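A structural walkthrough
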Amino acid sequence: MIAKALLNPPKRQDTMNLHMSRIRKVALYAVSLLGVGVAVGGMAFGQTVETCKTTDPFCFQPQLTSTTDRLDAVSQPRIATPAWLSAAGGSTQSGGREVTYVAATKGNVSANFNEFKTQVNETLNSPEGWSRLGVRFVRVESGGQFTVWLSEASQVPSFSPSGCDAIVSCTVGNNVIINETRWLNGSDAWNGAGGSLRNYRHMVVNHETGHWLGHGHEYCSGAGQPASVMQQQTINMQGCAPNPWPLAHELYAPKLGIRS
Ligand SMILES: [Zn+2]
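Thresholds, definitions, all that
Residues numbered from 1 in each chain as written. Predicted model: local features only at pLDDT ≥ 70, side-chain atom pairs only at ≥ 80, totals over all residues. Helix = DSSP H or I, 4+ residues; strand = E, 2+ residues; numbered from the N terminus. Buried ≥ 20, exposed ≤ 12 C-beta atoms within 10 Å, placed from the backbone. Contact = placed C-beta atoms within 7 Å. Pairing = 2+ DSSP bridges. Axes fitted to C-alpha atoms, helices over the stretch in contact; angles between N-to-C directions. pLDDT = per-residue confidence, 0-100. Parallel < 35°, antiparallel > 145°, perpendicular 65-115°, else oblique. Left-handed = near helix turned anticlockwise from the far one by under 90°. Nonpolar A, V, L, I, M, F, W, Y, C, P; charged D, E, K, R; others polar. Core = buried A, V, L, I, M, F, W, Y, C linked by C-beta atoms within 7 Å. Expected span 1.5 Å × (residues − 1). Arc of directions from axis to C-beta.

Quick look at the overall build of the protein chain
- If you tally the helices and strands in the protein chain, you get seven helices and five strands.
- Written out in order from the N terminus, the α and β elements of the protein chain read α-α-α-β-α-β-β-β-β-α-α-α.
- Taken across its 260 residues, the protein chain has 25% of its residues classed as buried.
- Nonlocal contacts in the protein chain, meaning residues at least 24 apart in sequence, comprise 56% of its contacts between residues at least 6 apart.

Shown next as structure tokens:
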């Protein structure tokens, strides 16, 4: 047959018939596969559900049934809002999750408290600051999630005799304590590196609030590099350039369940 076919190749019409036959076979095969697919899909998933692409954290995941609840601990979130966005105390109003704070003074404070409140708010909500976490900081008169204190220097240790001193600022629990002397003067290390007083204030508010958000300290990554905001720039620049704002790698907040 093969030899005959080679010696007597099919005419054009035969060739077309051969092609049509193959097309019909392929089509029938595809239809049968589709039928099997639909049947298997119906058995495996029941009702049609919208599943999520792994790159889309806001997509609704199908609700798990009680028989699979034990998978909760290791499965992806079942809800549209990521856990970090819906953690206790937050909301999803325009501008991002809302975090409330109170501003207060401690001891005999001579610095302008209204200016302090204004500048703290500017810092917290600056597009260069922690607001990049998707957080909007709202000052309230009472009941805030944390308190930013403008404290007379000698009163700073009253928040924690073992953890705070009168020289620098400090954060203890939900108390973000700005040392009035530093607020008014900056520090030798910062000033010596050419940092301005306004940027020192940005830095110290961001640094101490960073502690409240769950950050520890960081160190200079290299001479001339911008310091991490969680570096102790008040004490020693370690060769880094003054930087009042959180760096990209610092944009996480364990306190709020916000991961990097
Ligand atoms: Zn610190």
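Things to note about the sheet that holds strand 4 (residues 170-172)
- Spatial strand order, 2-1-3-5-4: five strands in an open sheet with mixed pairing. Either end of the sheet is taken by a strand with one partner, and the two such strands are strand 2 (135-139) and strand 4. For this sheet, the mean angle separating the axes of adjacent strands, direction not counted, is 25°.
- Strands in contact with helix 4 (residues 113-124) are strand 1 (97-106), strand 2 and strand 3 (146-151); relative to strand 1, the strand with the most contacts, it is inclined by about 155°.

A word on the environment of G107
- With respect to the secondary-structure elements, G107 resides in the loop between strand 1 and helix 4.
- Between the C-alpha atoms of G107 and L150, which are 43 residues apart in sequence, the distance is 8.8 Å.
- Apart from residues no more than four positions distant in its own chain, G107 is found in contact with S151, E152, S154 and Q155.

With respect to the confidence of the model for the protein chain
- Considering every residue of the protein chain, the mean pLDDT works out to 77; 63% of them sit at 70 or more.
- Across residues 1-21, where pLDDT falls below 50, the model places two contacts with residues more than four positions away in sequence or in other chains.
- For residues 23-94, every residue scores under 50 in pLDDT, and the model assigns this stretch 39 contacts once sequence neighbours within four places are set aside.

A short note on the packing of helix 4 against helix 7 (residues 197-212)
- Look at helix 4 against helix 7: their axes get within 9 Å of each other, and the N-to-C directions meet at 65°. Comparing their axes, helix 7 and helix 4 come out roughly perpendicular. The handedness of the crossing between helix 4 and helix 7 is right-handed. Here Q119, V120, T123 and L124 of helix 4 come into contact with helix 7, specifically with R201, H202, V205, N206 and T209.
- Class assignment for the residues of the contact of helix 4 with helix 7 results in three nonpolar, five polar and one charged.

Structural notes on the nonpolar core
- The biggest cluster of nonpolar side chains holds 33 residues, and the ones touching the most others in it are V120, V148, W149, V176, I177 and I178.
- Contributing elements (two or more residues each) for this core: strand 1, helix 4, strand 2, strand 3, strand 5 (175-179) and helix 7.
- The biggest single contributor to this core is helix 7, with five residues.
- Residues within four places of W149 in sequence aside, it is in contact with A104, T105, K106, N175, V176, I177 and I178.

Some thoughts on the pairing of strand 1
- Two strands pair when backbone bridges link them, and strand 1 and strand 2 are joined in this way by five bridges, in the parallel orientation. In the strand pairing of strand 2, Y101 is matched with R139.
- Two elements, strand 1 and strand 3, share six bridges in a ladder whose sense is parallel. Bridge pairing in strand 3 links T105 to L150.

A word on unusual backbone geometry
- Backbone geometry at Q238 places phi at a positive 55°, although glycine is not the residue there.
- If you trace the backbone, Q238 turns up in the segment after helix 7.

Looking at the environment of S131
- Looking at the element boundaries, S131 is found in the loop between helix 4 and strand 2.
- For S131 and L251, which are 120 residues apart along the polypeptide, the C-alpha to C-alpha distance reads 9.5 Å.

Observations regarding helix 4
- Across its twelve residues, helix 4 extends 16 Å between first and last C-alpha, which sits within 8% of the 16 Å expected from 1.5 Å per residue.
- Taken together, the buried positions of helix 4 are occupied by F116, V120, T123 and L124. Viewed end-on, helix 4 has its buried residues packed into an arc of 90°, placing them on one side of the element. Exposed residues on helix 4 whose side chains face more than 90 degrees from its buried face are N114 and E115.
- Of the surrounding secondary structure, the elements contacted by the buried residues of helix 4 are strand 1, strand 2, strand 3, helix 5 (180-185) and helix 7.

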